[in-house]
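Here are the chains, one letter per residue:
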Number of protein chains: 2
Amino acid sequence: MKLNTKSRYAVMALADMAVFSNDKAVSLRDISLRQGISLLYLEQIFLRLKKNNIVKSVRGINGGYILVKSPKELKISDILLALDQKVKTIGCKKDSKKSCNGKSTKCITHNFWDELDIHINSFFENKKLSDLLKSREARI
Amino acid sequence: MKLNTKSRYAVMALADMAVFSNDKAVSLRDISLRQGISLLYLEQIFLRLKKNNIVKSVRGINGGYILVKSPKELKISDILLALDQKVKTIGCKKDSKKSCNGKSTKCITHNFWDELDIHINSFFENKKLSDLLKSREARI
DNA sequence: AAAAACTTGACTATTTTAGTCGGGTATATA
DNA sequence: TATATACCCGACTAAAATAGTCAAGTTTTT
Ligand code: FES
Ligand code: FES
């Protein structure tokens with residue numbers, strides 16, 4: 001049970017931006033070098049972050065990406081949402097009339113997974129990008 | 001981000017046992033019919049539950065499986081552990097000297113994923129099999 | 001003896017994941 | 001205005017994980 005690398009790298013890259021941008025655009029090349037993430041992969045990730053209005057882009061020389069919100073305001077859940085990384089530990093389709101095993105009623109465990117989803121999502125809802133940086137500073 | 005079906009079915013099957021066993025062994029065939037899970041698949045799952053001492057088996061006619069602990073004492077985390085379904089949202093190897101991207105220091109996000117793991121695991125640690133049944137009863 | 005039910009390892013099709021490739025377009029600066 | 005830098009975007013693929021099956025047993029009760 002883990003998040004996919006796209007989501008993990010997205011969080012990592014945005015944290016990198018929060019640390020190293022000095023109100024300037026941060027290029028993917030720099031992020032790639034600092035964080036050791038493939039440039040081509042980052043491009044794919046930032047495409048989606050842009051579409052979901054997490055970052056905006058500046059083209060051309062000295063271009064790069066800029067955080068739309070400040071790290072203090074950017075929720076981790078927003079980032080995951082941008083990458084379709086839904087937390088859905090439940091087995092059945094949420095809207096479907098059918099349960100996870102094809103029956104018409106919800107299975108014994110349904111409510112339990114539902115609670116788990118809420119538990120995890122509230123963690124992501126309550127964490128801001130800036131929270132990641134704090135513990136970083138504490139370690140230095 | 002979801003658990004694999006083995007884990008989900010394991011929880012479901014054990015909850016089924018808790019409901020339908022009357023201090024008798026419950027056969028996989030019955031669980032299969034009630035919960036709509038493939039019998040062959042259940043066999044594979046119960047093999048591991050048995051190895052990890054979650055259930056014990058009774059062979060022969062009228063045989064089946066019996067919960068080793070009472071539902072009140074059986075933690076969900078025990079079940080997941082039996083199926084190797086570790087919650088490890090972190091990218092790097094826990095013991096390894098290297099970070100998730102091959103550097104020698106932990107990446108910016110490491111502590112964050114660590115917190116998340118703790119958050120999720122404590123949920124599973126604190127939930128007992130009997131807790132699943134409660135909400136079931138409430139619905140009836 | 002026969003049937004019910006557990007035992008076990010191997011095997012496979014499908015899906016998901018992680019990541020690459022190729023060919024763009026925009027813009028700052030020399 | 002040439003050119004290098006950096007974003008843009010769809011398509012593609014290799015590898016890994018997953019879900020589930022199969023075959024060939026053994027044990028125990030009736
Ligand atoms: S998880 Fe929703 S019906 Fe089983
Ligand atoms: S998650 Fe551990 S070093 Fe990145």
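Whatever comes next refers back to the structure up there.
Keep in mind that this is a model prediction, so the values were computed, not measured.

Some words on the overall build of chain A
Thinking step 1. Counting its regular elements, chain A contains 6 helices and 2 strands.
Thinking step 2. In sequence order, the secondary structure elements of chain A are arranged as α-α-α-β-β-α-α-α.
Thinking step 3. For chain A, whose C-alpha radius of gyration is 18 Å, the value lies well above the compact-globule estimate of 14 Å for 140 residues.
Thinking step 4. Principal-axis analysis of the C-alpha atoms places the extent of chain A at approximately 60 × 35 × 25 Å.
Thinking step 5. With 140 residues in all, chain A has 44% of them scored as buried.
Thinking step 6. In chain A, the proportion of contacts linking residues at least 24 apart, taken out of those at least 6 apart, comes to 62%.
Thinking step 7. As presented, chain A carries roughly 7,500 Å² of accessible surface, and 51% of it is formed by carbon and sulfur atoms.

Things to note about the interface of chain A and chain B
Frequently, the measure chosen for interface size is the accessible area removed from exposure when the parts meet.
Thinking step 1. Taken together, the 41 residues of chain A in the interface contact 41 residues of chain B.
Thinking step 2. Its largest share of buried area at the contact with chain B, chain A owes to Met1, Ile108 and Phe112 of chain A, together 22% of the area lost on that side.
Thinking step 3. Counting across the chain A and chain B interface gives 2 salt bridges.
Thinking step 4. Counting residues per element, the ones that place at least two in the side of chain A that touches chain B are helix 1 (5–20), helix 2 (28–35), helix 5 (110–126) and helix 6 (129–139) of chain A.
Thinking step 5. Element by element, the count of residues in the side of chain A that touches chain B is highest for helix 5 of chain A, at 9 residues.
Thinking step 6. The residue makeup of the side of chain A that touches chain B, split by class, is 19 nonpolar, 10 polar and 12 charged.

Some remarks on the pattern of salt bridges
Thinking step 1. Counting across every chain of the model gives 10 salt bridges over all chains.
Thinking step 2. For Lys127 of chain A, the salt bridge is made with Glu115 of chain B, and the minimal N-O distance between the two is 2.7 Å. Of the two residues, Lys127 of chain A is situated in the loop between helix 5 and helix 6 and Glu115 of chain B in helix 5 (residues 110–126); the pairing between them involves two chains.
Thinking step 3. For Lys127 of chain A, a relative accessible area of 16% translates into the label buried.
Thinking step 4. For Glu115 of chain B, a relative accessible area of 35% puts it in the partly exposed group.

A look at the protein's contact with DNA strand D
Thinking step 1. Around DNA strand D, the structure places 27 residues, and the nearest of them are Lys50, Ser57 and Tyr65 of chain A together with Gln44 and Arg59 of chain B.
Thinking step 2. When atoms of DNA strand D within 4 Å of the protein are split into backbone and base, the sugar-phosphate part holds 67%.
Thinking step 3. A distance of 2.6 Å separates a base oxygen of DNA strand D from a polar atom in the side chain of Gln44 of chain B.
Thinking step 4. Mapped onto the surface near DNA strand D, the elements with two or more residues apiece are helix 2, helix 3 (39–51), strand 1 (55–58) and strand 2 (64–67) of chain A together with helix 1 (5–20) and helix 3 (39–51) of chain B.
Thinking step 5. The leading source of residues in the surface near DNA strand D is helix 3 of chain A, at 4 residues.
Thinking step 6. Counted by class, the surface near DNA strand D contains 10 nonpolar, 12 polar and 5 charged residues.

A short note on the protein's contact with DNA strand C
Thinking step 1. For DNA strand C, the set of nearby residues contains 28 residues, the closest of which are Ser38, Gln44 and Arg59 of chain A together with Lys50 and Gly64 of chain B.
Thinking step 2. Arg59 of chain A is positioned with one of its side-chain polar atoms (N or O) 2.7 Å from a sugar or linking oxygen of DNA strand C.
Thinking step 3. Within the residue set of the surface near DNA strand C, elements represented by two or more residues are helix 1 and helix 3 of chain A together with helix 2 (28–35), helix 3, strand 1 (55–58) and strand 2 (64–67) of chain B.
Thinking step 4. Along the lines of polarity and charge, the residues of the surface near DNA strand C split into 10 nonpolar, 13 polar and 5 charged.

Reading the values: the criteria
Residues numbered from 1 in each chain as written. Chains lettered and ligands numbered in written order. Predicted model: local features only at pLDDT ≥ 70, side-chain atom pairs only at ≥ 80, totals over all residues. Heavy atoms only, no water. Helix = DSSP H or I, 4+ residues; strand = E, 2+ residues; numbered from the N terminus. Rg over C-alpha atoms; globule rule 2.2 N^0.38 Å. Buried < 20%, exposed > 50% of the residue type's maximum accessible area, 1.4 Å probe, protein only. Contact = heavy atoms within 4.5 Å. Areas by Shrake-Rupley, 256 points an atom, 1.4 Å probe, with all protein chains shown as cover. Buried area = accessible area lost by both parts, 1.4 Å probe. Salt bridge = Lys/Arg side-chain N within 4 Å of Asp/Glu carboxyl O. Nonpolar A, V, L, I, M, F, W, Y, C, P; charged D, E, K, R; others polar. Near = heavy atom within 4 Å. Polar contact = N/O pair within 3.5 Å; in protein donor to acceptor, adjacent residues only side chain to side chain.

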